[in-house]
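Spelled out from the first residue to the last, the chains are:
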Amino acid sequence: MYFFKFYLKRLFSFLALIIIYSLTDISTIKGQDTIITVPNYIVKYDSVTRIDTTYIIDTIINTDTYIVADTIFLFKDTLADENSFFNKNFHDFQGEFGITLNQMAITHWAAGGESNGSGKIASNLTYNYHRKLFNYTFNGIFAYGMSNYTKDKRYEKTEDRFEISMTMSHNNKQNFSFTSIASLKTQFSNGYTYPNDSVPISGFFAPAYLTLSAGYNLSIKDLLSIYISPIAGKMTFVMNQDLADAGSFGVEKGYWNIINGDSTWVKGKNILSELGINILIRYKQNFNDDISIFSTLNLYNNYMDPNKSNRWNIDIDWETGIQFIINKRISAIVNIHLIYDDNIKFTITEVIDGKEITKQSPILQFKESLGISFLYKFAT
């Protein structure tokens, strides 16, 4: 009877252990500090270890060891640590290289003409550097083209472009933001009025245009941007002294200074400084991944011109291009470029009262090109 009671008591204890163990939900023990990781967050854990032990009738049933999580969610918009994961600076670099070729051969052609070949190399590079407060964009446009005429073995320059710019814009996640732009435009080699290729009319840093401006930019759906700067400084450099002495591109020309019968040559100025308002309008859109169009209109007015009659003159630089994508590597490109600058004067001849009069006057500059280009694009 004693042994029966002893084993019965042990049986009830064993059944109680089984029931309690079966009713014990391990997930409730571990679930007190269960962490569900969500993308775009950082979860930090501390080093505290806790042990839960359950005793029943002086017997250890289960020992559960787990790490207590101290969850700290760090949002992108509230980060203060510059070295944190989400606050790392973002960089990207993209661009394209293109080669345009054109060739024509003529032999005994009654309509006339001359065999020639032409080519152009162009590139457009963009580097973006995104930070928490400001975004920086560095852009470079480079192009150079030549044409070769077979008959007299003559070479003529058809394209010469060297442009770099840096744009700094406030990263306020709005369409209207404070923006500052610095740009430099010049050319690679001397320019001539063909067929006269002995007297240059322009050259590297003759002229060069440096523009520094600050204002506000309005962006509309990544298609259109309008930038207005009420304070824009423009500096024109003419480092070719012969051109500077002639007063080319608006700089003060050289002159003879006569004092007491003695004449002294005063060299022309190499720099022209202006202060005015700058308006820059950009438009770019893709149509069906086969056609893309861009247009850039740059307007500048020097409201501090010493000659008050010139303060209404507006410099215009308007370029429009249409790209027809044939395949991944070949495109047809139409480009139209218009420039009007009151400081760039050309020699023109007018007939007044039966007499030919030659004078220097600003005129509208026009350039149009159409070609098939082999393009290579890349992006990081």
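Computed from a prediction, not measured in an experiment: that's the story for all the values here.

Undergrad: Mind laying out a nonpolar patch on the surface, listing which residues take part and the relevant values?
TA: A surface patch of nonpolar side chains, amounting to about 440 Å² of accessible area, comprises Phe 176, Phe 178, Tyr 216, Leu 218 and Ile 220. Those elements that place two or more of their residues in the nonpolar patch are β7 (176-186) and β8 (208-220). Residue contributions to the nonpolar patch peak at 3 residues, all from β8. Here Leu 218 shows up in strand β8.

Undergrad: Could you give me a rundown of the pairing of strand β15 (residues 330-340), with the residues and numbers involved?
TA: Two elements, strand β14 (residues 314-325) and β15, share 10 bridges in a ladder whose sense is antiparallel. Pairing of Ile 322 across the sheet is with Val 334, part of β15. Note: β15 against strand β18 (residues 365-379), 10 bridges, orientation antiparallel. Looking at β18, one finds that Ser 331 is bridged to Ser 373.

Undergrad: If you had to explain the packing of aromatic side chains to someone new, which residues and values would you point to?
TA: With the rule as written, the count across this model stands at 14 aromatic pairs. When the centroid spacing of 5.3 Å and the interplanar angle of 55° are considered together, the rings of Phe 93 and Phe 378 count as tilted. With a gap of 285 residues between them, Phe 93 in strand β3 (residues 90-104) and Phe 378 in strand β18 connect regions that are remote in the sequence. When the ring of Phe 162 is compared with that of Phe 188, the centres are 5.3 Å apart and the planes differ by 80°; the resulting orientation is edge-to-face. Pair noted here: Phe 162 is in strand β6 (residues 154-170) and Phe 188 is in the loop between β7 and β8, with a separation of 26 residues, a long-range link. Chaining the aromatic ring pairs together yields one cluster made of Phe 93, Phe 97, Tyr 376 and Phe 378.

Undergrad: Go over the pattern of salt bridges with me, naming the residues and quoting the values.
TA: A complete count under the given rule lists 11 salt bridges for this structure. We note a salt bridge from Glu 156 to Arg 154, for which the minimum N-O separation is 2.8 Å. Glu 163 serves as the salt-bridge partner of Arg 161, at 2.9 Å between the closest nitrogen and oxygen. Three or more residues joined by partner-sharing salt bridges are found here, namely Arg 161, Glu 163 and Glu 319.

Undergrad: I'd love a proper account of the sheet that holds strand β4 (residues 116-130), names of residues and values included.
TA: Ordered in space as β3-β4-β5-β6-β7-β8-β9-β12-β13-β14-β15-β18, the 12 strands form a closed barrel in which the pairing is antiparallel. Adjacent strand axes in the sheet meet at a mean angle of 20°, parallel and antiparallel pairs treated alike. Pairing of strand β13 (residues 291-301) with β14 involves 11 bridges; the strand directions are antiparallel. Opposite Asn 301, over in β14, you have Ile 314 as the bridge partner.

The rules we used
Every chain's residues receive numbers from 1 upward, in the order its sequence appears when written. Selection of residues for local features in this predicted model requires a pLDDT of at least 70, selection of side-chain atom pairs for listing and counting requires 80 or more, and totals for whole chains, interfaces and linings are taken over all residues. Only hydrogens and water are set aside; all other atoms, that is, all heavy atoms of the structure, feed into the side-chain values. Like charges are joined within 9 Å and nonpolar side chains (Val, Leu, Ile, Met, Phe, Trp, Tyr) within 5 Å, but only among residues with over 30% relative accessible area and no salt bridge; these make up the patches. A 1.4 Å probe and the Shrake-Rupley method give the accessible areas. Residues count as covered only by the protein chains that appear here. Definition used for salt bridges: Asp or Glu carboxyl oxygen within 4 Å of a side-chain nitrogen of Lys or Arg. Strands here are runs of E lasting at least two residues and helices are runs of H or I lasting at least four, both read from the DSSP assignment and numbered beginning at the N terminus. For two strands to pair, DSSP has to find at least two bridges joining them. Stacked, tilted and edge-to-face are the three classes applied to pairs of Phe, Tyr and Trp rings, where Trp contributes its six-membered ring and a pair requires centres within 6.5 Å; stacked means planes under 30 degrees apart, edge-to-face means over 60, and tilted covers the rest. Here, axes are lines fitted to C-alpha atoms. For helices the fit covers the stretch in contact, and angles between N-to-C directions go from 0 to 180 degrees.

Structural measurements only, silent on function.
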